[in-house]
Amino acid sequence: MFGALGFSYAYAKPDKAKIEIIVNDDWPGIKGFKKINTVLQYDEDYNSVTAWGAKALAGEPPKRNKKNKDLPKPVELFKFHLGRVPDSKKPKLPAKVTPERAITDYLREMGKTIKQEIGRRWPGVDFYSNVRIVVTVPAEFTEDTKTIMRQCLYNAGLIKSLGTLSLQFTTEPEAAAIHCMNVMKEHRLTTGATYLVVDCGGGTVDLTVRKLLSTDRIGETTERSGDFCGGTYVDDEFLKYLGSIVGKSAMNMLKEKNYGQINYMVQQFCSQVKIPFTGEKSDFETIEWDIDRKCPALKKYVTGSERDQLSEDDWVIELNFRTVKSFFDPVINKILGLIERQLEKCSNCSVMFLVGGRMQINDDTSYITVPPHPLAAIVSGACEYGLDMDTVTTRVLKWTYGVRICPEWKHGDPPNRKTLENRIYKFSLMASKGTEVRVDEEFSTRLYPIYPDQTAINFTFFYTSKYNAKYCDEPEMNLLGSFNVDLPDTYLGLSRPVLITLCFGAMEIVATAKNETNGKVYRTTFSNKE
């Protein structure tokens, strides 16, 4: 799992009666954790990676000012550039480091660790021929994400060719749902029962409702949903609060001049405040946040009345229960809204699974449950999916799909869209978002040439987050792909039908076009729009 904050992986070998899935917890420089930080440290010129993961994190601020030249600030949260994340949340990357380069550099370093571990477990194994890689992506990421990730994995040396079937994708909530399916026996759910999976990650929170169809088979019953309201947004609320105490200008200067100390301070906030917080006042003791120890560089940027007050308080900020709870409230309320909207679509949900990160339930209820290892649920489910890719039999379309057509312009059509040939380009619907489709189910439409002497047609496909659309250049419309179809037999004029079909596979879309005059079939494959 390649998360915004952390990376984790698991592996299994399908040669035993009982498959054992092993989640890695041995990383360079740190052991015992199932996830490693998604952070890179480059050299001064950003030419090469000097450290990654835990080793790239900022350490405790030194008591003395060192004259040694500091390395540039760590590069992190670069995965946010792939999603529809608010621009304010996307980190500013160094000029020489694009999001694709950062992802590739990180995967290259991670790949060395993975290959070493696979080689240790199974000496002599051919990594490119005998290892299937399953990469999870958030439900909210667009189609382009998988294309970019595939290219980055290729550039990082984890796959040998871009089109290899050794690389597969699934969404994070789907992987979690597969894992939860295998731990549902204790809930005695039977065929037809539905369950909700809520995956709370560092950047995103993803939700999916699944139905138990039969032994080891599940289907999707509602459209997946999610939002950018993961754990990092709690950190943001803390920094926002700190800015209200020391002044926004002081925080801005700290970010610009001493980013490493902000990085270290957030680490301390997570370990000492965020993770231990249960939401119960009886469990909480007021925390003294000592700026001298946590972030000494901040002091030199604080001015005016803020400085006077903090000096009087010995540069200690008290974090009481109400204050800490306020860091969580906006994020929790957003997550609760996502859950409520999913349950409105699925009133007969039998159980809700909470996975990802650190999960705790304070209510005594059997309806809400946490699997034994919530942090490992996604990577474990991804392994289970890789071992049996027929596990998921139906999915609900996340997008609406269609093809561009060019009919004659008619009265009532927008005059500014009228072409010189008295035609207009429109979006022709083929499959609507929210539709539950079987794996390999087909959606077809029949089109004809628009000119009698036309010798070819270019079919261009689009997808949108809307349920329907009129034009291919509307907001939220995205290009899926295109291909050409030859049209001989011009003596038949316009009577040369072409049947075009979109077939939704496991994680890809197959587009076909059949020339119904001569029977010739054209075929191309697009990545599935998860």
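Residues numbered from 1 in each chain as written. Predicted model: local features only at pLDDT ≥ 70, side-chain atom pairs only at ≥ 80, totals over all residues. Heavy atoms only, no water.

**Q** So what's going on with the overall build of the protein chain? Which residues, and what values?
**A** Each helix and strand counted, the protein chain has eleven helices and 29 strands in total. Taking 2.2 N^0.38 as the reference for a compact globule, 530 residues should give roughly 24 Å; the C-alpha atoms of the protein chain span a radius of gyration of 26 Å, in line with that estimate. Projected onto its principal axes, the C-alpha coordinates of the protein chain cover approximately 90 × 60 × 50 Å. For the protein chain, the residues scored as buried account for 52% of the 530 residues in total. A sequence separation of at least 24 residues applies to 68% of the contacts in the protein chain between residues at least 6 apart. As presented, the protein chain carries roughly 26,100 Å² of accessible surface, and 48% of it is formed by carbon and sulfur atoms. (Helix = DSSP H or I, 4+ residues; strand = E, 2+ residues; numbered from the N terminus. Rg over C-alpha atoms; globule rule 2.2 N^0.38 Å. Buried < 20%, exposed > 50% of the residue type's maximum accessible area, 1.4 Å probe, protein only. Contact = heavy atoms within 4.5 Å. Areas by Shrake-Rupley, 256 points an atom, 1.4 Å probe, with all protein chains shown as cover.)

**Q** Which residues make up the domain arrangement of the protein chain, and what values do they have?
**A** Often, the extent of an interface is quoted as the loss of accessible area on bringing the components together. For the protein chain, the domain assignment lists domain 1 (6-172), domain 2 (176-227 + 329-387), domain 3 (231-327) and domain 4 (399-525). Distance between the C-alpha centres of domain 2 and domain 4: 36 Å. Across the boundary between the two partners, domain 2 contributes four residues, which contact six residues of domain 4. Together domain 2 and domain 4 conceal approximately 320 Å² of surface at their shared face, both sides included; 36% is due to carbon and sulfur atoms. Its largest share of buried area at the contact with domain 4, domain 2 owes to E220, E223 and Y385, together 89% of the area lost on that side. At the junction of domain 2 with domain 4, the criterion picks out one salt bridge. The salt bridge partner of E223 is K433, with a shortest N-O separation of 3.1 Å. Applying the counting criterion to the domain 2 and domain 4 interface returns two residue pairs in polar contact (both at pLDDT 80 or more). (Domains from an automatic or database assignment. Buried area = accessible area lost by both parts, 1.4 Å probe. Salt bridge = Lys/Arg side-chain N within 4 Å of Asp/Glu carboxyl O. Polar contact = N/O pair within 3.5 Å; in protein donor to acceptor, adjacent residues only side chain to side chain.)

**Q** Residue-level account of the sheet that holds strand β9 (residues 75-76), with values.
**A** An order of β8-β7-β9 is seen for the three strands of this open sheet, with the pairing classed as antiparallel. Pairing within the sheet leaves two strands with one partner each, and these edge strands are β8 (49-52) and β9. The strands that helix α1 (residues 99-121) touches are β7 (39-42), β8 and β9; relative to β7, the one it contacts most, it runs at about 100 degrees. (Pairing = 2+ DSSP bridges. Axes fitted to C-alpha atoms, helices over the stretch in contact; angles between N-to-C directions.)

**Q** Mind laying out the packing of aromatic side chains, listing which residues take part and the relevant values?
**A** All chains considered together, the criterion is met by 24 aromatic pairs. Seen from their ring centres, F269 and F327 are 5.9 Å apart, and the 65 degrees between their planes marks the pair as edge-to-face. Residue F269 is found in helix α7 (residues 259-274), and its partner F327 is found in helix α10 (residues 321-345); the two are separated by 58 residues along the sequence. As far as burial versus exposure is concerned, F269 and F327 are alike and both buried. Ring plane angle 80 degrees and centroid distance 6.0 Å describe the contact between F277 and F284, whose orientation is recorded as edge-to-face. One exposure class covers both F277 and F284, and it is buried. In textbook terms, an aromatic cluster arises when at least three aromatic residues are bridged by ring pairs, as seen for F238, Y241, F269, W289 and F327. Against the face of W409 rests K418, its NZ or CZ located 4.7 Å from the ring centre. Above the face of the Y451 ring, R423 is positioned so that its terminal group lies 5.6 Å from the ring centre. (Phe/Tyr/Trp six-rings, centres within 6.5 Å; stacked < 30°, edge-to-face > 60°. Lys NZ or Arg CZ within 6 Å of the ring centre and 35° of its normal.)

**Q** So, the environment of C152: which residues are in play, and what are the values?
**A** Topologically, C152 is positioned in helix α3 (residues 143-155). On the accessibility criterion, C152 (2% relative accessible area) is buried. Taking the C-alpha atoms as reference points, C152 and A102, 50 residues apart in sequence, are found 9.3 Å from one another.

**Q** Hey, could you go over the packing of helix α5 (residues 232-246) against helix α6 (residues 248-257) for me, with residue numbers and the actual values?
**A** Orientation of α5 relative to α6, taken along the N-to-C sense of each, is 120 degrees, at an axis distance of 6 Å. Judged by the angle between their axes, α5 and α6 are oblique. In this structure, α5 contributes L239, L242, G243 and V246 to the contact, and α6 contributes K248, A250 and M251. Broken down by class, the residue content of the contact of α5 with α6 amounts to five nonpolar, one polar and one charged. (Parallel < 35°, antiparallel > 145°, perpendicular 65-115°, else oblique. Nonpolar A, V, L, I, M, F, W, Y, C, P; charged D, E, K, R; others polar.)

**Q** Give a detailed account of the side chain of D290, specifying residues and quantitative values.
**A** For D290, the location among the structural elements is in strand β16 (residues 287-290). Although buried, D290 forms no salt bridge, and the nearest oppositely charged side chain, R293, lies 5.0 Å from it. At 2.9 Å, the side chain of D290 and the backbone nitrogen of D292 are in polar contact. Once residues within four sequence positions are removed from consideration, D290 is found in contact with W315 and V316. (Lys, Arg positive; Asp, Glu negative; His and termini not counted.)

**Q** Give me the lowdown on the sheet that holds strand β21 (residues 400-405), citing residues and values where you can.
**A** Spatially, the four strands line up as an open sheet ordered β22-β21-β25-β26, and their pairing is antiparallel. Bordering the open sheet on either side are β22 (426-431) and β26 (477-486), each of which pairs with just one other strand. Averaged over all pairs of adjacent strands, the angle between strand axes in this sheet comes to 30 degrees, irrespective of strand direction.

**Q** Hey, could you go over α10 for me, with residue numbers and the actual values?
**A** Helix length check: α10, at 25 residues, gives a terminal C-alpha distance of 35 Å against a target of 36 Å (1.5 Å per residue), a fit within 8%. The largest bend in α10 comes to about 35 degrees, at F328, with the proline P330 one to four residues further on. Every buried residue of α10 is listed here: F321, T323, V324, F327, F328, V331, I335, G337, L338, I339 and Q342. For α10, the side-chain oxygen to backbone nitrogen distance between the N-cap and R322 is 3.3 Å, and the N-cap itself is N320. (Expected span 1.5 Å × (residues − 1). Bend = angle between axes of the 7 residues up to and from the residue.)

**Q** Give me a negative patch on the surface: which residues, what numbers.
**A** Side chains of E288, D308, E312, D313, D314 and E318 sit close together on the surface and give a patch of like negative charge. Looking at D308, the relative accessible area reads 55%, which means it is exposed. (Patch = residues over 30% accessible without salt bridge, like charges linked within 9 Å, V, L, I, M, F, W, Y side chains within 5 Å. Charge placed at Lys NZ, Arg CZ, Asp CG, Glu CD.)

**Q** Could you give an account of the packing of helix α4 (residues 172-181) against helix α11 (residues 377-387), naming the residues involved and the relevant values?
**A** When two helices pack together, their arrangement is given by the angle between the helix axes and the distance between those axes. Two elements in contact, α4 and α11, have axes whose closest approach is 7 Å; the angle formed by their N-to-C orientations is 80 degrees. With respect to each other, α4 and α11 are oriented roughly perpendicular. On α11, the residues that touch E172, E174, A175, A176, I178 and H179 of α4 are A377, I378, S380, G381, A382, E384 and Y385. A breakdown of the residues in the contact of α4 with α11 according to their chemical character gives seven nonpolar, three polar and three charged.

**Q** Residues and numbers for the pattern of salt bridges, please.
**A** Tallying each qualifying case throughout the model produces 23 salt bridges. For D105, the salt bridge goes to R108, with nearest N and O atoms at 2.9 Å. One end of the pair is D105 and the other is R108, both in helix α1 and three residues apart, which spans about a single turn. Here R108 falls in the partly exposed class, since its relative accessible area comes to 31%. Through salt bridges with shared partners, one network takes in E174, R210, E220, R224 and R395.

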